[in-house]
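Residue-level listing of the chains:
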Amino acid sequence: MADELLPLSRLESSAERAARVLLGCLLCRRLEDGTVLRGRIVETEGYAGAEDVASHSFGGRRTGRNESMYARAGTAYVYFTYGMHWCMNVACSIEDDPQAVLLRAIEPVEGADRMEILRRSNPRAARRLAEIKIGAGPARLCAAMGLDRSWDGVDLLARSERGEDLWLEHGDRPSRTLVGPRIGIDRVGEPWLSAPLRFGVEGSPSLSKPFPTVGEERAARDSAS
DNA sequence: ATGACGATTTACT
DNA sequence: GTAAATCGTCATA
């Protein structure tokens, strides 16, 4: 199981299912000097494609920026936002169906020291870094892994032969999965505003924000295989 | 060419 | 809790 690439068959489905599948998987990066970084994915959000008002691909919108959303499952969609942050998604359907999963948080598994240096290289690095977990947020995740536009469109289900690389591996499945509404989409209306498409690994110290603890959004048994 | 905006984060009251 | 930071992208003209 260890060090095995995630197969296409695990990802090629709906955004909701793929967002669950990616929990526990390892986001892996090889740096220029050969150092390998591994982070366990502990928080994700599904974006359901052309029907989803909160998605960059709502209404079939297809531009230079979001073109990677329309690619085969396993393709990275990395975009720049708020004039200073990078965020990373994984496309999760067939070509031309723009469903994707936003990676919202990782826990360092390997190379945490380099992740710390990478996040400090951000000009707006937090003053109180000790209180902020490495990778606990979509933009913090990209900072820790050193990701930017140059990784947009990369196939995460294959390894490159030389140089830097980025890929996905199997990892320990969460024993329980947290579910809640997505973050930062306040401008969209119902039902998408409160659609339960945010998922988290219960007990992880690296979640970007707490999950709701009442009603139907309470932690539920993970039904993914 | 211009203007509005953003799947965030940090600083500050 | 609220506001600022900061700029690539897209829609409009």
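Above this note sits the structure.
Not measured: the values here are computed from a predicted model. Starting from 1, residues in each chain are numbered consecutively following that chain's sequence as written. By the order in which they are written, chains take letters starting at A while ligands take numbers starting at 1. It should be noted that, the model being predicted, local features are given only for residues of pLDDT at least 70 and side-chain atom pairs only at 80 or more, the latter also being counted only at that level, while totals for whole chains, interfaces and linings use all residues. With hydrogens and water excluded, all non-hydrogen atoms of the structure serve as input to the side-chain values.

Q: I keep staring at the packing of aromatic side chains and nothing clicks. Help me out?
A: The relation between two aromatic rings is expressed through the spacing of the ring centres and the mutual angle of the planes. Side-chain rings of Phe, Tyr and Trp (the six-membered ring for Trp) are treated as a pair once their centres are within 6.5 Å; stacked means planes under 30 degrees apart, edge-to-face means over 60, and tilted covers the remaining angles. By the definition in use, this model includes two aromatic pairs. A ring pair is formed by F80 and W86, whose centres lie 4.8 Å apart and whose planes are at 50°; its orientation type is tilted. The exposure class of F80 is partly exposed, given its relative accessible area of 37%. Just above the ring of W167 sits the side chain of R159; from NZ or CZ to the centre is 3.4 Å. In this analysis the charged atom, NZ for Lys or CZ for Arg, is taken to sit over a ring once it is within 6 Å of the ring centre and within 35 degrees of the ring normal. Between the NZ or CZ atom of R198 and the centre of the ring of F211, over which it lies, the distance is 3.8 Å. Exposed residues in this analysis have more than 50% of their type's maximum accessible area, buried residues have under 20%, and partly exposed residues fall in between, with area computed by a 1.4 Å probe over protein chains only.

Q: What's the story with the protein's contact with DNA strand B in this structure? I'm lost.
A: Summary of the distance rule: residues count as near a molecule or strand when at least one heavy atom falls within 4 Å of that molecule or strand. In the vicinity of DNA strand B, 26 residues are found, and the nearest of them are H56, Y79, N89, R140 and R187. Sugar and phosphate atoms constitute 62% of the interface atoms of DNA strand B, taking the interface as everything within 4 Å of the protein. Within the backbone of G83, a nitrogen or oxygen atom sits 3.4 Å from a base nitrogen of DNA strand B. Strands are runs of DSSP state E lasting at least two residues, helices are runs of H or I lasting at least four, and both sets are numbered from the N terminus onward. Secondary-structure elements contributing two or more residues to the surface near DNA strand B are β3 (76–81), β4 (85–91), β5 (100–110) and α4 (138–145). Here the residues of the surface near DNA strand B sort into twelve nonpolar, eight polar and six charged. Side-chain atoms alone can form a polar contact between residues adjacent in sequence; in general such a contact is a pair of N or O atoms within 3.5 Å, and within protein one must be able to donate a hydrogen while the other accepts it. Residues are grouped as follows: Ala, Val, Leu, Ile, Met, Phe, Trp, Tyr, Cys and Pro are nonpolar; Asp, Glu, Lys and Arg are charged; all remaining types, including Gly, are polar.

Q: Please explain the protein's contact with DNA strand C as it appears in this structure.
A: Every residue near DNA strand C is listed here: R61, T63, G64, R65, F80, Y82, G83, M84, R124 and R149. For DNA strand C, the backbone makes up 75% of the atoms found within 4 Å of the protein, where backbone means sugar plus phosphate. At a separation of 2.5 Å, a base oxygen of DNA strand C approaches a polar backbone atom of Y82. Contact distances for DNA strand C include 2.8 Å between a phosphate oxygen and a side-chain N or O atom of R149. Broken down by class, the residue content of the surface near DNA strand C amounts to three nonpolar, three polar and four charged.

Q: Sorry if this is basic, but what is going on with the nonpolar core here?
A: The tendency in soluble globular proteins is for nonpolar side chains to be buried as a group. To form a nonpolar core, buried Ala, Val, Leu, Ile, Met, Phe, Trp, Tyr and Cys residues must be joined to one another through side-chain atoms within 4.5 Å. Ranked by size, the top nonpolar core spans 41 residues in total, and within it L11, L27, M88, L103 and L168 carry the most contacts. Membership of the second largest hydrophobic core comes to eleven residues, among which are M69, Y77, C87 and A100.

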